[in-house]
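What the coordinates show
The residues making up each chain are set out below.
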Amino acid sequence: MPYIGQIATGESLISLSQSKLFKEFVGEIRPAPAKKHRVLNPATVPAPTETINTVVAIDGSIVTEIVRNGFPGAEASLVQIAMVLIKLDKLRQKKPKEILPPSIFNKMDSASTVQAVLPGRNIVSATGLGPREFFRYTIYEALQGSIQDGHETLLDTYRDLFGGRDVEFRCPIDGCKDSVRSSSDVCACEKKNRLYPTDQLRFHERFNETGPNGEAHGEVMRFLEIILLINTLRFFLKNRDAIPLLPRTAFVFDGPLAAFGQFASIAPRVREELSRIDKECREETGRGIILFSLIKTGQFVEHFDQIDFCPTKGPDQKFPNRTALLPPIDYIHESIVFRPQDAKEWSKDTYFGRVVLYKNASGQKMVVNTPRTTPESEDLSNVSLAAFPRIGEILGVVDRLSTYLFEGGFVPIVRAHSHAAIPLRTGGELLKGLFDE
Ligand SMILES: [Zn+2]
């Protein structure tokens with residue numbers, strides 16, 4: 001067993017930094033410029049024009065476990081996407097900073113989940129599908145549910161958004177002909193193997209027959225979260241009773257408003273659909289949608305920490321609470337995510353959101369993503385308030401939620417709740433709760 005203990009211990013890291021090769025490598029690295037051309041000045045964000053009391057939060061979780069089926073290393077992941085309805089006005093009576101037991105949320109919100117068990121290596125279905133094909137099948141199957149009886153399924157949403165594309169891709173079936181088209185239901189060879197409408201996203205190409213599949217499963221989870229978000233917004237838009245509630249409900253997403261990896265190609269369609277929903281919402285109600293996500297770690301938060309330094313008072317002291325910084329793309333390239341001059345703008349294709357650095361009312365620093373639903377938001381150098389639609393209401397909700405939060409944000413609330421949630425496929429009734437005002 002020669003490899004046990006050969007992970008990067010403190011000792012081996014020291015020897016790395018002392019090695020001749022590493023020193024030469026460091027000599028070849030250009031440091032980030034010490035003197036920046038640009039400084040981010042706090043934005044003046046208007047106070048919310050109305051109080052938002054309803055939050056719909058979407059949050060996925062994933063647990064991978066060993067499956068004892070006789071094959072070594074066989075594993076599968078349980079993916080759960082919880083959607084939780086939180087009434088902020090019911091939270092208000094509680095004292096700030098008090099940590100609420102998760103049970104209190106059972107009384108005031110309702111939850112629904114999308115659940116899927118995604119097979120990993122060495123898992124064969126009872127019907128004889130091999131691991132990769134079984135994986136493809138479960139992605140398709142995961143879309144069969146609906147958040148509310150009578151509303152379109154996640155598959156309907158998916159088909160409406162991406163079904164129209166006729167893309168060519170490598171046949172997902174082992175040993176088959178070179179390529180298939182997404183408009184086809186069967187593969188190109190004489191066996192006419194079944195193809196699924198989700199195959200065109202090519203999650204299966206990242207499937208690992210011999211190693212762990214955390215990455216592939218994680219991508220499917222992100223994909224399901226996005227489809228669930230759009231499906232929910234479409235519910236509001238299609239329901240006459242729900243439209244008036246749409247601009248008064250904050251939709252909160254976990255992680256960046258973006259699509260990476262295998263399914264990154266859906267980001268432009270998601271952007272178009274969110275813009276369409278926002279436009280229709282404006283036409284019907286006079287105001288747009290409120291959508292945001294929170295990211296509490298990563299290089300943007302790290303950068304925010306670096307610049308929140310006061311020469312006299314020390315770290316975390318430069319910016320007062322309730323400071324919002326709106327970085328334009330050239331600032332991001334210069335200080336946070338390096339891009340060569342002529343390269344494509346960071347986030348242009350993969351994101352459907354913009355980045356806001358926000359130090360909230362209680363001093364927590366976080367990254368907020370606001371949606372790219374306006375023409376101004378599509379211009380990544382535009383940092384006018386129009387490029388961050390409904391930012392006043394968004395930051396208001398962030399502040400009110402964070403007063404009651406567990407350390408680290410509100411997402412654990414959703415997590416704490418999700419084990420008790422109702423699987424979507426048994427028939428959803430979640431959004432009914434919206435009308436019980
Ligand atoms: Zn074939």
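Residues numbered from 1 in each chain as written. Predicted model: local features only at pLDDT ≥ 70, side-chain atom pairs only at ≥ 80, totals over all residues. Heavy atoms only, no water.

Observations concerning the packing of helix 7 (residues 214–238) against helix 8 (residues 267–285)
Two measures define how a pair of helices packs: the angle their axes make with one another and the distance between the axes. Relative to each other, helix 7 and helix 8 sit at 20°, their axes nearing to 11 Å. Here helix 8 runs roughly parallel to helix 7, going by the angle between their axes. Remark: the crossing between helix 7 and helix 8 carries left-handed chirality. Between helix 7 and helix 8, the contacting residues are Ile226, Ile230, Leu233, Arg234 and Leu237 on the first element and Val270, Glu273, Leu274, Arg276, Ile277, Glu280 and Cys281 on the second. (Axes fitted to C-alpha atoms, helices over the stretch in contact; angles between N-to-C directions. Helix = DSSP H or I, 4+ residues; strand = E, 2+ residues; numbered from the N terminus. Parallel < 35°, antiparallel > 145°, perpendicular 65-115°, else oblique. Left-handed = near helix turned anticlockwise from the far one by under 90°. Contact = heavy atoms within 4.5 Å.)

A closer look at a nonpolar patch on the surface
A cluster of nonpolar side chains, contributed by Phe25, Val26 and Ile29, occupies part of the molecular surface with about 270 Å² of accessible area. Mapped onto the elements of the fold, Val26 is located in helix 2 (residues 20–27). Given the relative accessible area of 42%, Val26 is considered partly exposed. (Patch = residues over 30% accessible without salt bridge, like charges linked within 9 Å, V, L, I, M, F, W, Y side chains within 5 Å. Areas by Shrake-Rupley, 256 points an atom, 1.4 Å probe, with all protein chains shown as cover. Salt bridge = Lys/Arg side-chain N within 4 Å of Asp/Glu carboxyl O. Buried < 20%, exposed > 50% of the residue type's maximum accessible area, 1.4 Å probe, protein only.)

Here's the deal with the confidence of the model for the protein chain
Of the residues in the protein chain, 82% reach a pLDDT of 70 or more, and the chain-wide mean stands at 83. Counted against residues more than four places away or in other chains, residues 94–109, with its pLDDT under 50, gives 26 contacts. Throughout residues 418–422 the model reports pLDDT below 50, and contacts reaching past four residues in sequence, or to other chains, amount to nine contacts. (pLDDT = per-residue confidence, 0-100.)

A short note on the packing of aromatic side chains
This model, assessed by the stated rule, comprises 14 aromatic pairs. Measuring from ring centre to ring centre gives 5.1 Å for Phe135 and Phe207, while their planes differ by 35°; the resulting arrangement is tilted. Of the two residues, Phe135 is situated in helix 5 (residues 131–142) and Phe207 in the loop between strand 5 (179–181) and helix 7; the sequence distance between them amounts to 72 residues. Looking at Phe135, the relative accessible area reads 0%, which means it is buried. (Phe/Tyr/Trp six-rings, centres within 6.5 Å; stacked < 30°, edge-to-face > 60°.)

Focus: the nonpolar core
The biggest cluster of nonpolar side chains holds 55 residues, and the ones touching the most others in it are Phe223, Ile226, Leu246 and Ile266. Secondary structure elements with two or more residues in this core: strand 1 (54–66), strand 2 (75–87), strand 3 (110–119), helix 5, helix 6 (154–162), helix 7, strand 6 (249–254) and helix 8. Ranked by the residues each element gives to this core, the list is headed by helix 7, at 14 residues. Setting aside chain neighbours within four positions, we find Ile226 in contact with Phe253, Ala258, Ala259, Phe263, Ile266, Val270 and Phe352. (Core = buried A, V, L, I, M, F, W, Y, C linked by side-chain atoms within 4.5 Å.)

Focus: the pattern of salt bridges
For the coordinates displayed, the defined rule picks out 31 salt bridges. Two residues, Asp166 and Arg181, come together in a salt bridge whose shortest N-O distance is 3.1 Å. In this pair, Asp166 is assigned in the loop between helix 6 and strand 4 (168–170) and Arg181 in strand 5, connecting sequence segments 15 residues apart. Classification of Asp166 as partly exposed rests on a relative accessible area of 38%. For Arg181, a relative accessible area of 37% translates into the label partly exposed. Of the charged contacts in the structure, one is a salt bridge between Glu205 and Arg202, with a shortest N-O distance of 3.4 Å. Among the residues examined, Glu205 registers a relative accessible area of 28% and is labelled partly exposed. Several salt bridges converge on common partners, so that one network encompasses Glu152, Asp160, Arg234, Lys238, Glu273, Arg276 and Glu280.

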